[in-house]
Structure formats: structure tokens, C-alpha cells
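What follows is each chain in one-letter form.
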Amino acid sequence: MEAAAAMDHHDQHESTGIDHRKLGMWVFLSSEFLFFGALITNYLLYQGQPGFARPYPAEIYDIPFTSFSSFALLMSSLTMVLAHNALARHDQHATRTWLLATAMLGSVFLGGQVFEFTEFITVGGMKLTTNPAASAFYMLTGFHGFHVLLGVLMLLTLYGISRRQGELSEASGLNLELVGLYWHFVDIIWIVIFTVVYLLASVPAGVG
Amino acid sequence: MPDGGWFGYQPNAGPFYSPGTAMDYWALGVQFLGLASLISSVNFIVTIFNMRALGMRLLRMPVFVWMSLVVALLLLFSLPIIAIALFMVTFDRQFGSLFFVAEAGGDPILWQHLFWLFGHPEVYILILPAMGIVSEVLPVYSKKPLFGYPAVVFAGAAIAFLGFGVWAHHMFASGISPVAQAAFGLSTMTIAVPTGVKIFNWMGTMWGGRIKFTTPMLFAIGFVAMFVIGGLSGVTHAVVPSDWQQTDTYYIVAHFHYVLFGGSVFGIFAGLYYWFPKMTGRLLSEKLGKLNFWTMFTGFNLTFAPMHWLGLQGMVRRTAYYPPEAGFDFWNLVATVGAFIIAAGVLIFMFNWWRSKKHGEPSGMDPWDARTVEWTTPNPTPEYNFGVAPTVTSLDDFWHKKYAEDSEGRPVRRPEAENTLTDLMETGINPPHPIHLPAPSYYPVLLAAGIPLVGWGIIYHTSFVGKLLILVGVLVVASAAFGWSMEPLEEPHDEHDDSEPSGGGYPSAEVDA
Amino acid sequence: MATHSGEHHHPTPLQYVKIAILLAVLTIIEVALFYVNEAADMGGWDAPLLIILALFKFVIVVGWYMHLRFEDSALSKFFTAGFILALILYAIVLLAFGVIALGG
Ligand SMILES: [Cu+2]
């Protein structure tokens, strides 16, 4: 390309050698630790305070069910990385399959969360307005769910582009990598939430 | 009863004590501003790390760029905290959650922690850019390099780092434990060390220099002097027992105006006078500029100095009425007069700006005999910035292109300096090679327009209109995001006439490859 | 711009599957630990064990699935900085509220 040749001296370069958008994604993700950290802190502060209106979140957790949906999200990281790998091997068909699988596993997790919230509200009797611990629980898991939802939408967009164009171009390849980074990040946040909020949940002395 | 203030202390800003929608607008408005700042901070960090000119090593960057980087990092790590805190307020007010409702077991002190975890880094977000500007201005009008450049840079980074560990000094009167008070008092005092380093470096820069008292220089010196006063009164709040006396009095108001007005605002004015030629190709009037400075300087000190003693006499903040027997009247009158003088100063500035934009003296390329690379482009700066991407070989690169040193280290203007300037002007106006700017897009504007719709919807979500607004807003945001992601990143080349630069209106160095 | 330079350093699909199996096993151990602690109180040993397991999973996903161990070290520095900063700041907040205590 003539113009490109003329502009060698003025080429778009990365001083650090890292792609701009990739660096941007990692920088953004590092700030998300502070975001989820604040939510987890709220929950940890309130879950053990005595004297709240019942129930406390830990009284109504359904560990087997949450383990199942957590597992779905964990495995979606595998399908995500396989999609990325397939694209690197220029296997467009496999890329699409794994993208769709990732979006589906993400949807299973989201469906699980909708079910969990509904159960907690109707059967467990714990609403956002029941006590501060419940408020913190719904806000934390809700914001995480919102992140998953955004991820699913981005995955489906990539899938749609791939279907329409018949392939994912080099530029979309980077998009897939970025969506993947975001997706894995949302997964590691859930790894922390699953342990700290569910498995290690405690109730104040005298409750339960 | 008035609603909560900008600090949103709970439960005063909660649904019970602040009914109505005012605090909802506040919480969501700050939320959206925060989102915008967060995205910009990512942009700044990537730009500064990744798009430096050839040879522009980190320790060759102008201090202003360094401080912008540090500020972006502060924003990056502090905004998510206030985002959550504001969401909690919105949820409490709109959806009945109980985060700060003490009757139900919520803890209003949690708000103070989260607010100041953000709020203290925020004050450095306000001051560090001004420190960067002053570090650019002082060397230019002292005809000397910045004294101790690495120390100034590291001190800025240290201030930012320490700034994350001092937030509870805003909460000494809120009943936090004695250990916490001692720890946060100490950590706050340590910040005075890197700040002092900077002050000494600025003085060292001026020491022995050939100082020209231009308007930017006056504002920069004003900054240093006023900031020292504000910094010293700041140390007095780090001492816990003395802070208990000062909390919520006008002494605090005096302190933070000395750092934010005498500090940040003076720094910004120094920058406006200094870089006005880069924006317009003309100089602001020096006569009006000096009048501007001295009016603002006098008005500022008349307004805020008396607040020190008013505060120590017990004049508390956020109070509607003070009885005459309290004896606050005289100094409040002085402060009021001072405030009008500040206003006069700002009016002078506005007039100066408006007049100089059209009738100011043309600045030429290098009106200040400047030191840094931004002065190697024509004034006003073309939208593509540099006609040819510069290569940097040293700190103060532009200066070294113009000056050599004699045997005693004094600067001597190179004979070829004028030719260098003419060449730079020529390549700046007529780039030898075509420059492609990124394709402009309407989608970001559309996306941004959708966000307040969602916000209004949330505030009125119990009504039909509110629900409708949320739906419409989400739809606008989603479709704009989708359209944006579908747009090609690079403009197709054949749409260009390669013989002349394309004016996309984006002052970005990003070019198609 | 070659976005996939250095792709050859990356694990193969088979290795990815093996990593997933490891993650699955770790998760099963986590849930099992939870039930063991329910049945017979582990005297507070469940918390450190579960946190170590979670951190292990965290590091595996970040290092291999997010490729961080194959990337420029600047990225890990950024990422670790955010993580450590969040950890320290929120630990101090929880200390101030007495939710966690130094020295038991
Ligand atoms: Cu502070």
C-alpha cells in the first residue's frame, strides 16, 4: 500500500510493545478489583452483625445449587480459551462453536442466579430490603451478574459478526482476545465470591 | 431542613432526612462523571505509556505529563470505590436497601470510609496537575532546567501512593479507634515529606535563575507561596487533638482553599496564560494579565486568610445563621469584600481571553523560549499535532536543540537555532507525508446521550415515564455500543486525498498504518 | 499489527483441558471441605484452606487462561497492583470496623 509505505517514519507504534487496546483492557481490569473489593467489603461487614431482621443470607444458601452454577461459569473459561485458540489456528467453525458454548454456559450461570434470587425472595423470605446483609448480598452478586450479562452480549456479538462475515478478521481476533480477558476476569471474581461469600459465610452468634 | 451536601454524609443524605430528588440527581450525576473519568484515565494511561515519541523515555517526559499519568492512576483506583458508595446511596434511596439505615443495622460510618477512600486521592487528583504545570512554567521563566527533575517526579508518585493511606484523617471526630487515629495522623504527616521535596525543588529552580515575571510566572510563584501556607495548615489537622478543635470549622475551609484555590486554581491560570498561544496562536495581554493576577491574589487572601482565625474562634461550617454576639461579623465582611475582588479578577481574565483571542499579539512559534517538545509545532497547533513525529534525545529536548553550553555551563544559543525553528514551522504547517487521522464517529455521542436517560428513569422509576425512560435509555446505549463496535477501526484509505492532511478534528497522533 | 505474535508459547487445547480438570478437582475439594466442616467443625482450619484453594484457582485462570504468565511483565505489575491495593485498603477498612482483628 502506497500510503502505508510513505508513512513508515510515522507508523503507529507502541512504546511498550503491548497493543493499545490490550493494555487498556488490563488497566481497566486492575481497577475492577477496587470495584468488587468494595462490594465484598460491604458484605463482610454486614453478614456478621447481630440483631438484624432474619434471615441472614447464610441461613438460606443452597450450596449444592450454587456449586453447580459456579461450575458452569468455571468451565466457560475453558470454552472461552478454546475459542481463542481455535481462532489462532484459523479454524473459524470451531471458533464459532466455542463462542456459542461460552455464551451458553454464561447464560446457565445467569439463569441460575435468577432462580437463586427468586427462591431467596419467595421461599427464603430474604429481600433487598430485609436487612443490610441481604442488601449487600444482592448488590454484590447482582453487579457480578451484570458483568456476566455484558460478557454474554459481547460473546453473542462476536458470534453474530462471525456468522455474518463468515469469519472473524484479524481485527476481530483482538476483540475476541479482549472479550476473553474480560470473561476470565469475571470468572476469577466469582472464584473469590464463591469462597468468601458462600463457602465461608458465617452468621452472628445466636443465629441459626 | 436542607438536604445533604456534596460530601453526602449519611444518614443526612439518605431518604429520610433528604426526601425529594436532589440527592438522587447528585448521586447519579457524580456516578456518570466518575464513569467518564474512569474511561479517560484508562485512555491517558495507555496513551502515556504506549504512544510516546521516539526516544521519549519515561524519565524524559515533561513533569506535566508525568503528573497527568499519576493522576490517571489515582482516578483508576479511586473511582471504583466511590462508584460503589454512590450505588449504595442510590439503592438506599430508590430501592429501599438498608446500607446506611442505622435503625435497621446499617452503618453510616461505612459511607465515610468509602467516600474518603476516594475523597483523599481526589484532592491529589486536583493538585497534582497544577504541580505539573508549575514544574513546566518555573524553569522556562527562570531560564534554568527544573532543579532535581527525578526527585520532583518521584515525589509526585510518592504523594499519590501515600495519598491512598490517609483517608481516615477526615474522620478523627467520627469515633474511630485511638489506634486508627494515631496511624492515620502519622501517615498524613509523612505526606508532608514528598510535598516539601517539591517545594524545595521549585525554589531551587528559581534560585540564581534569570527570572522573568510574566503572568504565568506570577501565578506559578503565587501557587508555590499559597500552597506552602495551605500545606502547613494541613499538617495541623494531622495532629489529632488539634484536629478535633478544627473539624467542621472555617479553619478547614481556609486550609483547603489555600491548597485548591491558591494552589490548583493559580496553577491552572499559570497554565492558561502559558499555553494560550498553543490554543490560539496569540498571546494574552500581559498588562491585563498582571492586573488579573494581583486582583485575584489580593482578593484570595482577603477572602480566605480571615477564615483561619474565624475557624479557630469557633465559627462552624454549614450553619445558616451566626448571632452578632459571636463576633464573627467584621472578618466575614472582609471575606465578602475579598470574594468580590476575586470575581473582578476573573472578569478581567474573561475579558482578556475574549479580546486576545482576536486581537492579541501573534505569538510566533516559541514566544517563551520554551524547553519542551510541544513548542516545536506551529501555533495554534494543527489538529494532527506534529507534521513529523519528533525524536527526543534528552530531557528538555527542544531547549537543547536551541542551546549549547559554554565551558562554565551557561547556555549559549546555537547559531543554527533560527534555522531549526524555521524548519520545524515548515514541516509543522506542510507535513512532508500524508497524515491519516482516525475516522470520526457519532456513536460515542449517542451512547453518552443514552446514559442520562437511564439515570432519569431510575430517579422516577416508580412512574410509567420512569420505566419508559430506562427502557429507551438502555436501548439507545445498547444500539450505540453495537453500532460502534461494528464500525471499522480505520478509515478506508481511498476516501483520502493523500496530497493534503485530512482534518478529522481529532488531535490524536494515531495514524492508519 | 501482529496481534498473535508469541502465540506459539501458549498451551495447546489438550493442556487447556487438563487445566480445566485441575480447576474442577479443586472446586470439588472446596465443596467437600465445606461439608466436612459442616459435619465436624474443623476448628477454624476451613477458612485458610478454602482461601488458599481459591487463590490457587485464581492464579491458574489468570496465568494460563488469561495468558498473563506469557505476557509482558508490565501487565502483571498493573494487575497485581490493583489486586494488592484493593486487598490492603479493604483489609484496613474491615480492621477499623473490627470485622477482622490483628492477633485474634
Ligand atoms: Cu484528606
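Check the entry above for the structure.
Read on for an overview of the structure.

1. Structural notes on the overall build of chain A
Helices and strands together make up the secondary structure of chain A, namely seven helices and zero strands. Helices and strands in chain A line up, N terminus first, as α-α-α-α-α-α-α. Taking 2.2 N^0.38 as the reference for a compact globule, 208 residues should give roughly 17 Å; the C-alpha atoms of chain A span a radius of gyration of 21 Å, well beyond that estimate. Along the first, second and third principal axes, the C-alpha set of chain A runs to 75 × 35 × 25 Å. Buried residues in chain A amount to 62% of all 208 residues. Contacts in chain A between residues at least 24 apart in sequence constitute 80% of all its contacts with a sequence separation of at least 6. Of the roughly 7,300 Å² of accessible surface on chain A, 63% is carried by carbon and sulfur atoms. Charged side chains in chain A number 8 positive and 15 negative. The centres of these two groups are separated by 9 Å.

2. Examining the pattern of salt bridges
Here the structure, examined in full by the defined rule, presents 16 salt bridges over all chains. Between Arg 54 of chain A and Glu 59 of chain A there is a salt bridge, with the nearest N and O atoms lying 2.8 Å from each other. Assessed through its relative accessible area of 46%, Arg 54 of chain A is described here as partly exposed. Relative accessible area serves as the criterion here: at 29%, Glu 59 of chain A is assigned to the partly exposed category. The residue Asp 366 of chain B makes a salt bridge to Lys 402 of chain B at a minimum N-O spacing of 2.5 Å. Of the two residues, Asp 366 of chain B is situated in the loop between helix H11 (329-359) and helix H12 (397-402) and Lys 402 of chain B in helix H12; the sequence distance between them amounts to 36 residues. For Lys 402 of chain B, a relative accessible area of 1% puts it in the buried group. Connected via shared salt-bridge partners are Lys 143, Asp 366, Asp 369, Lys 402, Arg 413 and Glu 418 of chain B.

3. A short note on a nonpolar patch on the surface
All names here are of chain A. Side chains of Phe 146, Leu 149, Leu 150, Leu 153 and Met 154 sit close together on the surface and give an oily, nonpolar patch of about 410 Å² of accessible area. Within the fold, Phe 146 resides in helix H6 (residues 132-165). Accessibility expressed as a relative area gives 44% for Phe 146, which makes it partly exposed.

4. Concerning the environment of Ala 238 of chain B
Residues and elements named next belong to chain B. For Ala 238, the location among the structural elements is in helix H7 (residues 215-238). For Ala 238, a relative accessible area of 2% corresponds to the buried category. Spatially, the C-alpha atom of Ala 238 lies 9.4 Å from that of His 170, the residues being 68 residues apart in sequence.

5. Regarding the interface of chain C and chain A
At the interface, 45 residues of chain C touch 48 residues of chain A. Roughly 4,100 Å² of surface becomes buried between chain C and chain A when both sides are summed, with 79% attributable to carbon and sulfur atoms. By the criterion of area lost to chain A, the three top residues of chain C are Met 66, Leu 75 and Tyr 90 of chain C, representing 15% of everything that side buries. Applying the counting rule to chain C against chain A returns one salt bridge. When the shortest N-O distance is used, the salt bridge between Glu 71 of chain C and Lys 22 of chain A registers 2.8 Å. Between the two partners, chain C and chain A, sit four residue pairs in polar contact (both at pLDDT 80 or more). Contributing elements (two or more residues each) for the side of chain C that touches chain A: helix H1 (13-39), helix H2 (46-65) and helix H3 (73-96) of chain C. Residue contributions to the side of chain C that touches chain A peak at 12 residues, all from H3 of chain C.

6. A word on empty space enclosed by the protein
Residue and element names in this part refer to chain B. The full count for this structure, using the stated rule, is four cavities of 30 Å³ or more. Surrounding the largest cavity, 20 residues form its lining, Pro 62, Glu 136, Thr 372, Leu 395 and Asp 396 being those nearest its centre. It is helix H3 (residues 108-142) that provides the largest number of residues to the lining of the largest cavity, a total of four residues. Two domains each provide a minimum of three residues to the lining of the largest cavity, namely domain 1 (1-212) and domain 2 (373-429). Taken as a whole, the second largest cavity encloses approximately 80 Å³ of empty space.

7. Focus on the coordination of the copper ion
Of the protein atoms, only His 120 of chain B (ND1), His 169 of chain B (NE2) and His 170 of chain B (NE2) coordinate the copper ion, at distances of 1.7 to 2.0 Å. Judged by relative accessible area, His 170 of chain B falls into the partly exposed class, the value being 29%.

8. Regarding unusual backbone geometry
Along the chain, Arg 54 of chain A connects to Pro 55 of chain A via a cis peptide bond; the corresponding omega equals -5°. In this structure, Pro 55 of chain A sits in the loop between helix H2 (20-47) and helix H3 (57-60). Positive phi values are uncommon outside glycine, yet Lys 143 of chain B reaches one of about 55°. As for its placement among the helices and strands, Lys 143 of chain B is situated in the loop between H3 and helix H4 (149-163). One non-glycine residue, Asp 396 of chain B, lies in positive phi territory at about 55°. Tracing the sequence through the fold places Asp 396 of chain B in the loop between H11 and H12. Its relative accessible area of 14% is what places Asp 396 of chain B among the buried residues.

9. What about the nonpolar core?
Counting residues in hydrophobic clusters, the biggest one holds 221 residues, and the most contacted among them are Phe 137 of chain A, Leu 128 and Phe 223 of chain B together with Phe 79 of chain C. Ranked by residues supplied to this core, first place goes to helix H2 (residues 63-95) of chain B with 21 residues. For Phe 137 of chain A, the residues in contact, after removing those within four places along its chain, are Tyr 43, Pro 57, Tyr 61, Glu 116, Phe 117, Phe 120, Met 126, Gly 142, Val 197 and Tyr 198 of chain A.

10. Considerations on the interface of chain C and chain B
Note on interface size: it is often stated as the accessible area lost on association of the parts. Of the residues lining the interface, nine residues belong to chain C; the matching set on chain B comes to 15 residues. Here chain C meets chain B over a buried area of about 1,000 Å², counting both sides, of which 92% is carbon and sulfur. Here chain C and chain B share zero salt bridges between them. In terms of residue class, the side of chain C that touches chain B is built from eight nonpolar, one polar and no charged.

What counts as what
- Residues numbered from 1 in each chain as written.
- Chains lettered and ligands numbered in written order.
- Predicted model: local features only at pLDDT ≥ 70, side-chain atom pairs only at ≥ 80, totals over all residues.
- Heavy atoms only, no water.
- Helix = DSSP H or I, 4+ residues; strand = E, 2+ residues; numbered from the N terminus.
- Rg over C-alpha atoms; globule rule 2.2 N^0.38 Å.
- Buried < 20%, exposed > 50% of the residue type's maximum accessible area, 1.4 Å probe, protein only.
- Contact = heavy atoms within 4.5 Å.
- Areas by Shrake-Rupley, 256 points an atom, 1.4 Å probe, with all protein chains shown as cover.
- Lys, Arg positive; Asp, Glu negative; His and termini not counted.
- Charge placed at Lys NZ, Arg CZ, Asp CG, Glu CD.
- Salt bridge = Lys/Arg side-chain N within 4 Å of Asp/Glu carboxyl O.
- Patch = residues over 30% accessible without salt bridge, like charges linked within 9 Å, V, L, I, M, F, W, Y side chains within 5 Å.
- Buried area = accessible area lost by both parts, 1.4 Å probe.
- Polar contact = N/O pair within 3.5 Å; in protein donor to acceptor, adjacent residues only side chain to side chain.
- 1 Å grid on protein atoms, 1.4 Å probe; cavity = no way out; pocket = protein on both sides within 12 Å on 5 of 7 lines; lining within 4 Å.
- Points joined across faces, edges and corners; volume = space filled by probe spheres on them.
- Domains from an automatic or database assignment.
- Donors = N, O, S within 2.8 Å, 3.2 Å for Na, K, Ca; no water.
- Core = buried A, V, L, I, M, F, W, Y, C linked by side-chain atoms within 4.5 Å.
- Nonpolar A, V, L, I, M, F, W, Y, C, P; charged D, E, K, R; others polar.

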